[in-house]
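Coordinate analysis (summary)
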Amino acid sequence: MPAHFDLLIRNGTCVLPWGIEATDVGVRNGRIAALGVAADATADATIDAKGLHVLPGLIDPHVHLRDPGDKTVETIPTGTKAAVLGGLATVFDMPNTAPSIVDTERLAWKQDYVERESWCDIGLYVGGTKQNIPELAKLELGRGVCGIKIFAGSSTGDLMVEDDEHLELVMRSGRRRIAYHSEDEYRLQDRKHLFKSGDPYSKHMEWRDEETAFLGTRRLMALASKTRRPAHILHVSTEQELEYLKDFRDLATCEVLVNHLTQVAPDCYDTLKGFGVMNPPIRGPRHLEAAWRAINDGTVDTVGSDHAPHSREKKLLPWPDCPAGLTGVQTIVPVMLNHVNAGRLSLTRMVDLMCSGPARVYGVVGKGRLAAGYNADFTLVDLKRQRRIEDSWIVSPCGWTPFAGMDITGWPVGVIVRGRPVMRDDEVLGAPVGKLVRFG
Ligand SMILES: [Zn+2]
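The paragraphs below set out a description of the structure included in this document. (Residues numbered from 1 in each chain as written. Predicted model: local features only at pLDDT ≥ 70, side-chain atom pairs only at ≥ 80, totals over all residues. Heavy atoms only, no water.)

**What to know about the packing of helix H12 (residues 332-341) against helix H13 (residues 347-362)**
As a packed pair, H12 and H13 sit with axes 9 Å apart at the nearest point and diverge in direction by 150 degrees. As summarised for this structure, H12 and H13 are arranged roughly antiparallel, according to the angle between their axes. Taken as a pair, H12 and H13 cross one another with a handedness that is right-handed. Across the interface between the two elements, Ile332, Val333, Met336, Leu337 and Val340 from H12 touch Leu347, Met350 and Met354 from H13. For the contact of H12 with H13, the residue count by class is 8 nonpolar, no polar and no charged. (Axes fitted to C-alpha atoms, helices over the stretch in contact; angles between N-to-C directions. Helix = DSSP H or I, 4+ residues; strand = E, 2+ residues; numbered from the N terminus. Parallel < 35°, antiparallel > 145°, perpendicular 65-115°, else oblique. Left-handed = near helix turned anticlockwise from the far one by under 90°. Contact = heavy atoms within 4.5 Å. Nonpolar A, V, L, I, M, F, W, Y, C, P; charged D, E, K, R; others polar.)

**Considerations on the pattern of salt bridges**
Evaluation of the coordinates by the stated rule reveals 33 salt bridges. For the salt bridge of Asp209 with Arg191, the shortest nitrogen-to-oxygen distance reads 3.7 Å. Residue Asp209 is located in the loop between helix H6 (203-207) and helix H7 (210-227), and its partner Arg191 is located in the loop between helix H5 (185-190) and H6; the two are separated by 18 residues in the primary sequence. Side by side, Asp209 and Arg191 carry an identical accessibility label, which is buried. We note a salt bridge from Asp199 to Lys196, for which the minimum N-O separation is 3.0 Å. Under the relative-accessibility criterion, Lys196 is labelled exposed at 57%. Connected through salt bridges with shared partners, the residues Asp121, Lys367, Asp377 and Arg418 form a single ionic network. (Salt bridge = Lys/Arg side-chain N within 4 Å of Asp/Glu carboxyl O. Buried < 20%, exposed > 50% of the residue type's maximum accessible area, 1.4 Å probe, protein only.)

**Side note on the side chain of Thr212**
Note on placement: Thr212 falls in helix H7. The exposure class of Thr212 is buried, given its relative accessible area of 0%. If we ignore the near neighbours within four places in the chain, the residues touching Thr212 are Glu183, Asp184, Arg187, Leu188 and Trp207.

**Regarding the coordination of the zinc ion**
Those donors, His62 (NE2), His64 (NE2) and Asp306 (OD), are the protein atoms that reach the zinc ion, and they lie 2.0 to 2.2 Å from it. With a relative accessible area of 6%, His64 lands in the buried category. Overall, the relative accessible area of 7% leaves Asp306 in the buried class. (Donors = N, O, S within 2.8 Å, 3.2 Å for Na, K, Ca; no water.)

**Side note on the environment of Val258**
Along the polypeptide, Val258 turns up in the loop between strand S14 (252-257) and helix H9 (267-272). Each C-alpha atom of the pair Val258 and Arg219 lies 25 Å from the other, and the pair is 39 residues apart in sequence. Here Val258 is in contact with Val303, Gly304, Ser305, Ile332, Val335, Met336 and Phe403, once residues within four sequence places are set aside.

**Section: the sheet that holds strand S10 (residues 121-127)**
With parallel pairing, 8 strands are arranged side by side in an open sheet as S8-S9-S10-S11-S12-S13-S14-S15. Looking along the sheet, the strands with just one partner apiece sit at the ends: strand S8 (58-63) and strand S15 (302-304). In this sheet, adjacent strand axes meet at a mean angle of 30 degrees when their direction is disregarded. With 4 bridges connecting them, S10 and strand S11 (residues 145-151) associate as parallel partners. Paired with Tyr125 across the bridge in S11 is Gly147. Running at roughly 175 degrees to strand S13 (residues 231-233), H7 makes contact with strand S12 (178-181), S13 and S14 of the sheet. (Pairing = 2+ DSSP bridges.)

**Notes on unusual backbone geometry**
The omega torsion of the bond from Asp67 to Pro68 falls at 10 degrees, within 30 degrees of zero and hence cis. You can see Pro68 is positioned in the loop between S8 and helix H1 (76-85). A positive phi angle is found at His235, which is not glycine, with a value near 35 degrees. By secondary structure assignment, the location of His235 is in the loop between S13 and helix H8 (239-245). Given the relative accessible area of 2%, His235 is considered buried.

**Thoughts on the sheet that holds strand S5 (residues 31-35)**
What holds strands together in a sheet is hydrogen bonding between their backbones, with the strands either parallel or antiparallel. Across the sheet, 4 strands lie side by side as S5-S4-S1-S6; this open sheet has mixed pairing. Two strands lie at the open edges of the sheet, namely S5 and strand S6 (42-48), each paired on one side alone. The average undirected angle you get between the axes of adjacent strands in this sheet is 30 degrees. Looking at chain direction, strand S1 (residues 4-10) and S6 are connected through 6 bridges and run parallel. Opposite Arg10, over in S6, you have Asp48 as the bridge partner.

**Description of the environment of Asp103**
Along the chain, Asp103 falls in the loop between strand S9 (88-93) and helix H2 (104-117). Among the polar contacts listed, one links the side chain of Asp103 to the backbone nitrogen of Glu105, at a separation of 3.2 Å. (Polar contact = N/O pair within 3.5 Å; in protein donor to acceptor, adjacent residues only side chain to side chain.)

**Some remarks on the pairing of S5**
Across 4 bridges, the pairing between strand S4 (residues 25-28) and S5 is antiparallel. When the sheet's bridge partners are listed, Arg28 is paired in S5 with Arg31. The turn joining S4 and S5, which pair antiparallel and follow one another in sequence, is formed by 2 residues; a positive phi near 55 degrees is taken by Asn29.

Below is the structure:
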């Protein structure tokens, strides 16, 4: 009797852990049941992926969906809709909301909320504060929790643990890898007086300079070495850190943002003004080139968007009143595919950075590779499709992207989450099916 599946993906080119192969994929009960399917197999639904690449469902491990917070900027439903339209099957959401996710009650609220309203699967960070250190060991084991996030330097929101004494207590509090925003808060405060309101937006990268980031990372690595607590350094933005972190591979993994691989100073401040202001800042060509070297020599473990929307009105304010943070959850996949087409990285390395990388760093269970038994999460990609990114395409309520006007070759044309098609050809399908990600 021929095999029967819930869903069959026929005629696609699959990015498997061991290489790229033309093969059919059979899905049963939300999981991959077979790679390589007989011609006579039947299915309730069949997707013809002729001419398309079938990737494991892509993961953006760094987004700020601002919920609870200002609904005119972003929410869980709109931000996850943006994610699937942009080709993502999973996002990990940051805790610096209003209020922040820092205790059992707020975590329980969010766990329940995202499983009703999310269009893609979702992992949740819990914020570390000086007050909740005794609870962190329990919080980091919560359902759907991808880890603790520590702001060692100030950014949006009121979460911060900046001093060595408290950072060490945080590191001694539990066991899982901790994700850090690494900028030295003392150096930021010390040098604030050097700048004034109304200075050019490019002053952002002078205030939050290379040494601010590098010093933050040196301090974190000294404490991580002392406590032996694994660290994940988010959005590494300097050549110095990328070199330095090579000596800490036993303890530290790291992320680079798509912005730091794509945009360069001073051009970004001339053209984008406040819409180019983020933390850590977009820097000069030397750091962009170093980031690409670190992509291609394996230093970098994950690529994220750091989707961190603000209203247009606020981004139009003079520096430094315009808040730092850019939208990106809907554009990360097209921009990365464009880099693949430009020859800056291979498609398999992109999948490593956006699937197996996050799975390894955060300990994801059942996602990150096309293999039997894994979640049937897929991103279907047309590597030849050409399209321009426009503000009008962005579904986040704030309605803008720093990549507006960029011509892209390579576009996500379908997303499947645990066997359920959630996006096809720029249309969101059905109802929100997102569930919390499982972590080991
Ligand atoms: Zn962030």
